[in-house]
Amino acid sequence: MKHFFKNLFGGDAATLESLSAIGVDMHSHILPGIDDGADTLERSLELVQAMQQLGYHKLIMTPHIMSDFYKNTPEIIREKLALLRTAIAEADIEMELDCAAEYYLDEVFLEKLDNNEELLTFGDKYILFETSFLNEPLNLREAIFKMRSKGYKPVMAHPERYTYFYGKFNDLVELREQGVLLQPNLNSLTGYYSPAARDVAEKLIDNELVDLVGSDVHSIKHIASLQKVLSTKYVNKLLSLPLLNPQL
């Protein structure tokens, strides 16, 4: 395993510890076999070890919950969390593991809110949600109102990737003024998703509108990209912001 990471990073993994300033990752798809992230327990272990070598000491893993594709429940997610906790203990990997979820904003999610069903949160009742990348949901503001009225603190995952915000940066400013926390992905700083996503992420940092930052790790290729984040011009500016990650 150690040889695998040495080849991946091209050197001693200890040099990657500069991400320890973040310390806690609150958005990833590392739990095995329940969404489009790690497909096996072995892959999950590889990702946990890679995140450790990047400087993280705690992972709050957030599998997708989408009514049409990933019908995960709190019970399913906690079962996988227990499995991975046992596996890292047996592998002697030091990492604190916890779980929440990344909720897709759809009618089923609104029904869960209306019915007071259990929703997986992290920290101070933070709830991570995502939307379509192309089309702004008609019920976006309704969902935000419902989350807040139920006592949750909504966290919008990777706002820089939603193309419906492109050219409408003030809409993101307004959402944050309405109580939505913004969580860009670290890999956006490398242009991993697109130049446009990188531009929005940098603008969010410039305007000090970033509350949390996530890895959104699905696979080992995301780990390789995260290593490149360390040499981006915006990473130090990001780390100078009062991010909530270290408090989680």
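Residues numbered from 1 in each chain as written. Predicted model: local features only at pLDDT ≥ 70, side-chain atom pairs only at ≥ 80, totals over all residues. Heavy atoms only, no water.

A.B. asks: What is the right way to read the overall build of the protein chain from this model?
C.D. replies: A tally of helices and strands in the protein chain yields nine helices and eight strands. For 248 residues, the compact-globule estimate of 2.2 N^0.38 gives 18 Å, and the protein chain sits close to it at 17 Å. For the protein chain, the C-alpha atoms occupy an extent of roughly 50 × 40 × 30 Å along the three principal directions. By residue count, 54% of the 248 residues in the protein chain fall in the buried class. A total accessible area of about 11100 Å² is found for the protein chain, and carbon and sulfur atoms account for 48% of it. (Helix = DSSP H or I, 4+ residues; strand = E, 2+ residues; numbered from the N terminus. Rg over C-alpha atoms; globule rule 2.2 N^0.38 Å. Buried < 20%, exposed > 50% of the residue type's maximum accessible area, 1.4 Å probe, protein only. Areas by Shrake-Rupley, 256 points an atom, 1.4 Å probe, with all protein chains shown as cover.)

A.B. asks: Can you walk me through the layout of surface pockets in this structure?
C.D. replies: What the largest pocket holds in volume is close to 260 Å³. The wall of the largest pocket is formed by 18 residues, among which Asp36, His64, Glu130, Phe133 and Arg161 lie closest to the centre. Here the lining of the largest pocket is composed, by residue class, of six nonpolar, seven polar and five charged. (1 Å grid on protein atoms, 1.4 Å probe; cavity = no way out; pocket = protein on both sides within 12 Å on 5 of 7 lines; lining within 4 Å. Points joined across faces, edges and corners; volume = space filled by probe spheres on them. Nonpolar A, V, L, I, M, F, W, Y, C, P; charged D, E, K, R; others polar.)

A.B. asks: Can you help me understand the sheet that holds strand β5 (residues 102–104) in this one?
C.D. replies: Sheet strands pair by backbone hydrogen bonding; their relative direction is either parallel or antiparallel. What the five strands build is an open sheet, ordered β3-β5-β6-β7-β8; its pairing is parallel. The open sheet has two edge strands, β3 (64–65) and β8 (181–183), and neither has a second partner. Note that strand β7 (residues 153–157) and β8 share three bridges and pair parallel. Of the residues in β8, the one forming a bridge with Ala157 is Gln183. (Pairing = 2+ DSSP bridges.)

A.B. asks: Can you walk me through the pairing of strand β4 (residues 96–99) in this structure?
C.D. replies: On a regular strand, one side chain projects to one face of the sheet and the next to the other, so that they alternate. Along β4, the buried face is formed by Leu97 and Cys99; none of Glu96 and Asp98, which line the opposite face, is buried. With four bridges connecting them, strand β2 (residues 58–61) and β4 associate as parallel partners. Across the sheet, Lys58 pairs through a bridge with Glu96, a residue of β4.

A.B. asks: I would appreciate a short explanation of empty space enclosed by the protein in the present structure.
C.D. replies: In this approach the atoms are scanned with a rolling probe the size of a water molecule, which exposes any empty space left behind. Applying the stated rule across the entire model yields one cavity of 30 Å³ or more. When its volume is computed, the largest cavity comes out at roughly 30 Å³. Lining the largest cavity are Pro184, Asn185, Leu186, Leu189, Ala201, Ile205, Val213 and Leu238. Here the residues of the lining of the largest cavity sort into seven nonpolar, one polar and no charged.

A.B. asks: Sorry, what's going on with the environment of Val108 here?
C.D. replies: Position of Val108 relative to the elements: it lies in helix α4 (residues 107–114). Between the C-alpha atom of Val108 and that of Asn170, which follows or precedes it by 62 residues, the distance is 29 Å.

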